[in-house]
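Per-entry structural report
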Amino acid sequence: MTGKAESYGQKIFSHSAANERQRLAALSDVLDPVTFSVLAALPLREEPRCLELGAGTGTVAAWMAAHLPGAQVTATDLDLSLITAHRPDNVRFVHHDITSDRFPAESFDLIHGRYLLHHVPDRDRVLGEIVRWLAPGGTLVLEDPAVFPLHAARDPLYRAVCLGAVEVLAQRIGSDCVDWALDLASKAGDLGLTDVTVRVTCPTVSHDNAPGRFWQLTLAHLRPGIATLPGLGSREVAEVIARISRPDFLDLSMATVTTIATGPAGPADP
Ligand SMILES: C[S@@+](CC[C@H](N)C(=O)[O-])C[C@H]1O[C@@H](n2cnc3c(N)ncnc32)[C@H](O)[C@@H]1O
């Protein structure tokens, strides 16, 4: 995935864009319950060295610091300006571009990245780098969206506009909301990771829930781009945003695919 004129945050999803703080907060509200339950169930060593990639608002980093005994957490992002979560002493926030910056090999016992890699160029190479940073027997947890449930959404206009948003992201910044998350388990196996498991979560969208807020804010942000697609205009996007606010609206959202895997074992003891 190369040659895109634009990358994440330059225009689309810039942290200084109107309502981006609220959009990422809604995303955390959608995703945190599953992430926290997955992380809480991991068989981690005491005092794990944790890496939170593309931390966004920082809620996962703050959770790791508070709930994993003795954790030392490194939280990264291209842009740390929207870290709103509590900043405990055992979290180090680092400006870091996952596509070019490195960490030493085998330096983390837990690495987590959510809604990051599907947006990143050259993501297969980046995944290989991330695996190198994982200590032998460490745990990798990657979470990314998969669009397939939206194809079964009941409301045709909502379905077309949301799929339009996915298309805009693919065209403008090379995001893959279709295959990346679904292929991750086999890619993890190819990289020598073991005990690979996958959990798929599919929320619904309504007027009073976090997925509804997330979609309204995302569609409002991407409205100019969606309006350039064949058969869609600004008016259709506005209609869907309004429709989600109706008390009787209920439809499918994207799925989140959570892939959990164990780092390659180190050399056997002599
Ligand atoms: C969709 S948000 C997800 C935020 C957070 N992980 C969550 O799930 O709540 C993607 C985050 O990845 C960051 N990001 C995008 N490209 C990046 C890169 N190349 N290196 C590091 N962070 C990046 C963005 O700044 C943004 O905070």
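Coordinates for the structure precede this section.
Now for a look at the structure at hand. (Residues numbered from 1 in each chain as written. Predicted model: local features only at pLDDT ≥ 70, side-chain atom pairs only at ≥ 80, totals over all residues. Heavy atoms only, no water.)

Turning to its location among the elements, Leu252 is positioned in strand β8 (residues 250–252). Sequence separation between Leu252 and Arg159 is 93 residues; the distance between their C-alpha atoms is 8.9 Å. Beyond its immediate stretch of four places on either side in the chain, Leu252 contacts Pro149, Leu150, Ala152, Ala153, Tyr158, Cys202, Pro203 and Val205. (Helix = DSSP H or I, 4+ residues; strand = E, 2+ residues; numbered from the N terminus. Contact = heavy atoms within 4.5 Å.)

Turning to the pattern of salt bridges, a few remarks are in order. Within the structure shown, the criterion is met by 13 salt bridges. One salt bridge connects Arg114 with Asp32, and the closest N-O pair in it is separated by 2.9 Å. In this pair, Arg114 sits in strand β4 (residues 108–114) while Asp32 sits in helix α1 (residues 20–40), placing the two residues 82 residues apart along the sequence. Among the ionic pairs, Arg246 bridges to Glu239, the shortest N-O distance being 3.3 Å. The exposure class assigned to Arg246 is partly exposed, which follows from its relative accessible area of 40%. Salt bridges linked by common partners bring Asp155, Glu239, Arg243 and Arg246 together as one network. (Salt bridge = Lys/Arg side-chain N within 4 Å of Asp/Glu carboxyl O. Buried < 20%, exposed > 50% of the residue type's maximum accessible area, 1.4 Å probe, protein only.)

Our focus in this paragraph is helix α5 (residues 180–190). Taken together, the buried positions of α5 are occupied by Trp180, Ala181, Leu184 and Ala188. Along the axis of α5, the buried positions cluster into a sector of 85 degrees, meaning they face one direction only. On the buried face of α5, the contacting elements are α3 (123–132), β5 (134–146), β6 (194–201) and β9 (255–262). Once α5 finishes, Gly192 follows within two positions and takes phi at roughly 90 degrees, a positive value. (Arc of directions from axis to C-beta.)

On to the sheet that holds strand β2 (residues 72–77), then. Overall, mixed pairing links the seven strands, which are arranged β3-β2-β1-β4-β5-β9-β6 in an open sheet. The open sheet has two free edges, formed respectively by β3 (91–95) and β6, since each of these has just one partner strand. Looking at each pair of strands side by side, their axes are set apart by 15 degrees on average, direction ignored. Bridging between β4 and β5 involves six bridges; their strand directions are parallel. Counterpart to Leu110 in the pairing with β5 is Thr139. The strands touched by α1 are β4, β5, β6 and β9; relative to β4, the strand with the most contacts, the crossing angle is about 155 degrees. Against the sheet, α3 makes contact with β1 (49–53), β4 and β5, and its axis sits at roughly 145 degrees relative to β5, the strand it touches most. (Pairing = 2+ DSSP bridges. Axes fitted to C-alpha atoms, helices over the stretch in contact; angles between N-to-C directions.)

Bringing helix α4 (residues 156–173) into the picture now. Counted at 1.5 Å a residue, the expected span for α4 with its 18 residues is 26 Å, and the 26 Å between its end C-alpha atoms agrees. Buried within α4 are the following residues: Tyr158, Val161, Cys162, Gly164, Ala165, Val166, Val168, Leu169 and Ile173. Of the surrounding elements, those touching the buried residues of α4 are β7 (204–206), α6 (210–226), α7 (234–244) and β8. One side-chain oxygen at the N-terminal end of α4 lies 3.0 Å from the backbone nitrogen of Leu157; it belongs to Asp155. Among the residues trailing α4, Gly174 stands out with phi positive, at a value near 75 degrees. (Expected span 1.5 Å × (residues − 1). Polar contact = N/O pair within 3.5 Å; in protein donor to acceptor, adjacent residues only side chain to side chain.)

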